[in-house]
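Chain residues, written in single-letter form:
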Amino acid sequence: MKYKVHRFEINMENDRSKLEDFLNGLKGEVVSITPNIKKTSLFQIYGITRKIDFLFIIEKIS
């Protein structure tokens, strides 16, 4: 079994269709989607800046 890790830059408010197209284009099975969450700051609490920078998408290749 082999795995491939993809890094997907995302803006959670605007990139839904971009993420959907990416996932549908994968050849293998998606094992896990892990978000990279920034350290919480006052700006994030008040919604001024994003909390999630990118996603790690782990694909199982047969």
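Being a predicted model, the structure only gives us computed values, none of them experimental. (Residues numbered from 1 in each chain as written. Predicted model: local features only at pLDDT ≥ 70, side-chain atom pairs only at ≥ 80, totals over all residues. Heavy atoms only, no water.)

A. Here's a closer look at the sheet that holds strand β3 (residues 52–61). Strand order in this open sheet of three strands is β1-β3-β2, and the pairing throughout is antiparallel. At either end of the open sheet lies a strand with only one pairing partner, and these are β1 (2–9) and β2 (29–37). In this sheet, adjacent strand axes meet at a mean angle of 20° when their direction is disregarded. Here β1 runs beside β3; their pairing, made up of eight bridges, is antiparallel. Residue pairing in the sheet places K4 in a bridge with E59 of β3. Packing of helix α1 (residues 16–24) onto the sheet brings it into contact with β1, β2 and β3, and relative to β1 it is tilted by some 165°. (Pairing = 2+ DSSP bridges. Helix = DSSP H or I, 4+ residues; strand = E, 2+ residues; numbered from the N terminus. Axes fitted to C-alpha atoms, helices over the stretch in contact; angles between N-to-C directions. Contact = heavy atoms within 4.5 Å.)

B. Representation of the nonpolar core within the structure. Grouped together as the largest cluster of nonpolar side chains are seven residues: F8, I10, L19, L26, I52, L55 and I57. In terms of residue count, the dominant contributor to this core is β3 (three residues). Among all residues touching L26, those that are not within four sequence positions of it are H6, I57 and E59. (Core = buried A, V, L, I, M, F, W, Y, C linked by side-chain atoms within 4.5 Å. Buried < 20%, exposed > 50% of the residue type's maximum accessible area, 1.4 Å probe, protein only.)

C. How the structure looks around the side chain of E59. Along the chain, E59 turns up in strand β3. K4 is the oppositely charged side chain nearest to the buried, salt-bridge-free E59, at an N-O distance of 5.8 Å. Within polar-contact distance, the side chain of E59 engages the backbone nitrogen of K27 at 3.3 Å. Here E59 is in contact with K2, Y3, K4, H6, L26, K27, G28 and E29, once residues within four sequence places are set aside. (Lys, Arg positive; Asp, Glu negative; His and termini not counted. Salt bridge = Lys/Arg side-chain N within 4 Å of Asp/Glu carboxyl O. Polar contact = N/O pair within 3.5 Å; in protein donor to acceptor, adjacent residues only side chain to side chain.)

D. Geometry of the pairing of β3. Strand direction decides the pairing type here: β2 and β3, joined by eight bridges, are antiparallel. Along β3, the bridge assignment pairs T34 with F56.

Shape is all these values report; function is a separate question.
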